[in-house]
Amino acid sequence: VSLLEVGREGYEELWEYRRRLLPKFVKVFGEVAEANGERLLKTEGNDISFGMTLENFTNEECGDIGSMLFTRCLSGCRVVPTGVSKNIGG
């Protein structure tokens, strides 16, 4: 979705919709993490980045998760297996 497609009002409506959905998303994402023995990572001051630990997953399973996210066209997602260090965006 681009600003040219929706115009200023449409863009502002999309932001408002996102703002309203954010608490529900965080709640459900937290429930998914907890159901898998994981926890959400804090990204204070950054309300567009979300993360969860993958401590209970093998490196192979982490790779599978990354593959599933990619094939579902989720952009910007990163899966970093335990014991691996990544510098993202820098």
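Higher on the page you've got the structure.
Residues numbered from 1 in each chain as written. Predicted model: local features only at pLDDT ≥ 70, side-chain atom pairs only at ≥ 80, totals over all residues. Heavy atoms only, no water.

Trainee: Account for the pattern of salt bridges, with residues named and values stated.
Mentor: For the coordinates displayed, the defined rule picks out 4 salt bridges. Notably, a salt bridge pairs E16 with R20, separated by 4.0 Å at the nearest N-O pair. A residue pair is termed a helical-turn pair when its members lie 3 or 4 positions apart in one helix, as E16 and R20 do in helix α1 (residues 3-35) at 4 residues. For E16, a relative accessible area of 31% corresponds to the partly exposed category. Across the pair E31 and K27 runs a salt bridge whose closest N-O atoms are separated by 2.7 Å. Residue E31 and its partner K27 are both found in helix α1; the two are separated by 4 residues, about one turn of the helix. Its relative accessible area of 42% is what places E31 among the partly exposed residues. Take K27: its relative accessible area is 53%, and that puts it in the exposed class. Overlapping salt bridges, with partners in common, bring together E16, R19 and R20 in one network. (Salt bridge = Lys/Arg side-chain N within 4 Å of Asp/Glu carboxyl O. Helix = DSSP H or I, 4+ residues; strand = E, 2+ residues; numbered from the N terminus. Buried < 20%, exposed > 50% of the residue type's maximum accessible area, 1.4 Å probe, protein only.)

Trainee: Can you lay out the side chain of T53 for me, pointing to particular residues and giving the numbers?
Mentor: Within the secondary structure layout, T53 lies in the loop between β2 (51-52) and α2 (59-71). A polar atom in the side chain of T53 sits 2.5 Å from the side chain of E38. If we skip the residues at most four places from it in the chain, T53 touches E38, R39 and L41. (Polar contact = N/O pair within 3.5 Å; in protein donor to acceptor, adjacent residues only side chain to side chain. Contact = heavy atoms within 4.5 Å.)

Trainee: Outline α1, listing residues and values.
Mentor: Look at α1: only 38 Å from first C-alpha to last across 33 residues, short of the 48 Å you get at 1.5 Å a residue. E9 marks where α1 bends most, by close to 80 degrees. Turning to α1, its buried residues are G10, G30 and A33. Those residues of α1 hidden inside the fold are in contact with β1 (40-41) and β2. Downstream of α1 by one or two residues, G37 has phi in the positive range, about 70 degrees. (Expected span 1.5 Å × (residues − 1). Bend = angle between axes of the 7 residues up to and from the residue.)

Honestly, that's just the spatial picture; any functional story needs more than this.
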